[in-house]
Amino acid sequence: MVNISFLGGCREVGRSAILIESKSGVKCMLDYGIRFRGEERLPYKINIDNLKAVALTHSHIDHSGALPFLYKTKTIPFFTNPITLAITEVLIKDMIKISNYNYPFGYRELDYLIQNSFFLKNGNRQKIHDNFFITFFDAGHIPGSVSILIEVDNKKILYSGDINSQITNLINPANSNNIPKIDTLIIESTYALKEHPPREKLEKEFVEKIINITDNGGRVLIPAFGVARSQEALLILEKFNYNGKIFIDGLARKISMLYLDYPDYIKNIKLFKKALKNTQFVSRPKIRSKVKNTNGVIISPSGMLKGGTAIDYIQSILLDPFSAVYLVGYQVEGTPGRRLLDDGIFEFNESRRNRKTIVDLKIEAKCDYDYFDFSSHSDNIHIHNYIENLNFQKNSNRDIFCIHGDNKSTTSLASELVNKDYNSVAPETGEMYQV
Ligand SMILES: [Zn+2]
Ligand SMILES: [Zn+2]
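Student: I keep staring at the overall build of the protein and nothing clicks. Help me out?
Tutor: In terms of regular secondary structure, the protein is built from twelve helices and 22 strands. For a compact globule of 435 residues, the expected C-alpha radius of gyration is about 22 Å, and the protein comes in at 22 Å, within 12% of that figure. The C-alpha extent of the protein, read off along each of the three principal axes, is 65 × 45 × 40 Å. Going through the 435 residues of the protein one by one, you find that 47% of them count as buried.

Right, dumping it as structure tokens:
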């Protein structure tokens, strides 16, 4: 029997963490993320004596953010890949720097995490203990993202991590073809209730709207996530030969430069380099205030307008009827981005630990605003196709655990899978299952 403990990311998106324990009591942690709100930001506490390995699916902090906590006193091998490690470091440093929350770890523990890292190539089977192996497979979510196959006590458990099997411009899609026959699947459900619009059509519409604004002298602000989404937006503009001015700022600039150091993880590095050549990098406040009034496209985090350099641009754009704000990621309820889409009002107040100034804004948008669903998660059809392409062992229970989605998404996916003769549940945080 193998124990699977769900320590977070159950019926929610945030603090993903799964502990796998063999019958002899050897443990392996898969992801160890944080959640962004509430009192408890870290995964559910559990005994982690005999933890022999930690493995990470990708750099997003809902999967990686709490990893340093595991390195307060221990030295445990941390399995990842070069691009994920580099971006995880940037994101955790950023998280510690800007957060009002006092995390029970800091830069020192982050250093220990980095010192204990081992790089694993996709497809290479890594022994972590007797009868205990892990293998990474491409997950198609962001550059470097993987799904993890765990082989323990002759059981094969696949943890999808965040997956995307749609074709995008930045990376190759997830591919379940090379994954061996499994006994158990743990799958994300973020968009299990959604159907994404056809990508090509959406890209065309996006670029056409941008051209319409900038050809008429306006500015377009694209408040995109710094990791992957900003670069995807950049590649779409390049693909359609957009020839206006493009600026990139904040974390999006930093991550774009980092991606150049890891060309193997980018689908078309030539196109990416070309796109960056046609882009101006903004890093100083003086240049930022010039760019603010320049006709063109500004790509700048944060994706939901909760902070970041996008806030420096948005005020003047909102008040200009000839300009636009185009959001390119899902807007969580309660975020300023969601409020803008729903009510046409941008409301923002922020007092940061490390900032003396308090920003307090409430503006009715006079500009155009819209949302383009360039998601990096599989939707309902793609999740079902992905599962159908996987092969379960003949004598397995066909167990599928649906996690990483809200209550409705995880439970609906589980019941759809039950109807397809899988043994599926949406576990709750703190629950342990034996497979
Ligand atoms: Zn993710
Ligand atoms: Zn996630």
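Student: Mind showing me how you'd approach the pairing of strand S16 (residues 324–327) here?
Tutor: In summary, the side chains of a regular strand alternate between the two faces of the sheet. Residues Ala324 and Tyr326 of S16 are buried on one face, and the alternating residues Val325 and Leu327, pointing to the opposite face, are buried as well. The sheet contact formed by strand S12 (residues 219–222) and S16 spans two bridges and is parallel. Looking across to S16, one finds that Val220 is bridged to Ala324. As defined by bridge partners, S16 adjoins strand S19 (residues 368–371) across four bridges and the pair is classed as parallel. Paired with Leu327 across the strands is Tyr371, a residue of S19.

Student: Could you clarify how one ought to interpret the sheet that holds strand S6 (residues 117–119) in this entry?
Tutor: Hydrogen bonds between backbone groups are what pair the strands of a sheet, and the pairing can be parallel or antiparallel. An order of S6-S5-S4-S3-S2-S1-S22 is seen for the seven strands of this open sheet, with the pairing classed as mixed. With partners counted over all chains shown, the strands left at the sheet margins are S6 and strand S22 (432–434), one partner each. Sheet twist, expressed as the average angle between the axes of neighbouring strands with direction ignored, equals 25°.

Student: I keep staring at the packing of helix H2 (residues 82–98) against helix H3 (residues 107–115) and nothing clicks. Help me out?
Tutor: Between two packed helices, what matters for the description is the angle formed by their axes and the separation of those axes. Look at H2 against H3: their axes get within 11 Å of each other, and the N-to-C directions meet at 170°. The angle between H2 and H3 places the two elements in the roughly antiparallel class. Packed against H2, whose contacting residues are Leu85, Glu89, Ile92 and Ile96, the element H3 presents Tyr107, Leu110 and Ile114 at the interface.

Student: It is not clear to me how the sheet that holds strand S7 (residues 126–129) should be interpreted in this structure. Could you clarify?
Tutor: One open sheet accounts for seven strands, arranged S7-S8-S9-S10-S11-S20-S21; its pairing is mixed. Edge positions in the sheet fall to S7 and strand S21 (423–425), since each has one partner strand and no second. Across the sheet, the axes of successive neighbouring strands diverge by a mean angle of 20°, strand direction being ignored. Relative to strand S8 (residues 132–138), S7 runs antiparallel, the two being bridged by three bridges. From the neighbouring strand, Lys127 faces S8, where its bridge partner is Phe133. Against the sheet, helix H12 (residues 407–419) contacts strand S20 (399–403) and S21, and its axis sits at roughly 160° relative to S20.

Student: Teacher, can you tell me more about helix H7 (residues 269–277) here?
Tutor: Every α-helix winds through 3.6 residues per turn, so residues three or four apart in the chain are directed the same way. Every buried residue of H7 is listed here: Phe272, Ala275 and Leu276. The arc enclosing the buried residues of H7, seen along the axis, measures out at 95°, which places them on a common side. In H7, those exposed residues whose orientation departs by more than 90 degrees from the buried face are Lys270 and Lys277. For H7, the elements touching its buried residues are helix H5 (229–239) and helix H6 (250–260).

Cut-offs applied
Residues numbered from 1 in each chain as written. Chains lettered and ligands numbered in written order. Predicted model: local features only at pLDDT ≥ 70, side-chain atom pairs only at ≥ 80, totals over all residues. Helix = DSSP H or I, 4+ residues; strand = E, 2+ residues; numbered from the N terminus. Rg over C-alpha atoms; globule rule 2.2 N^0.38 Å. Buried ≥ 20, exposed ≤ 12 C-beta atoms within 10 Å, placed from the backbone. Pairing = 2+ DSSP bridges. Axes fitted to C-alpha atoms, helices over the stretch in contact; angles between N-to-C directions. Parallel < 35°, antiparallel > 145°, perpendicular 65-115°, else oblique. Contact = placed C-beta atoms within 7 Å. Arc of directions from axis to C-beta.

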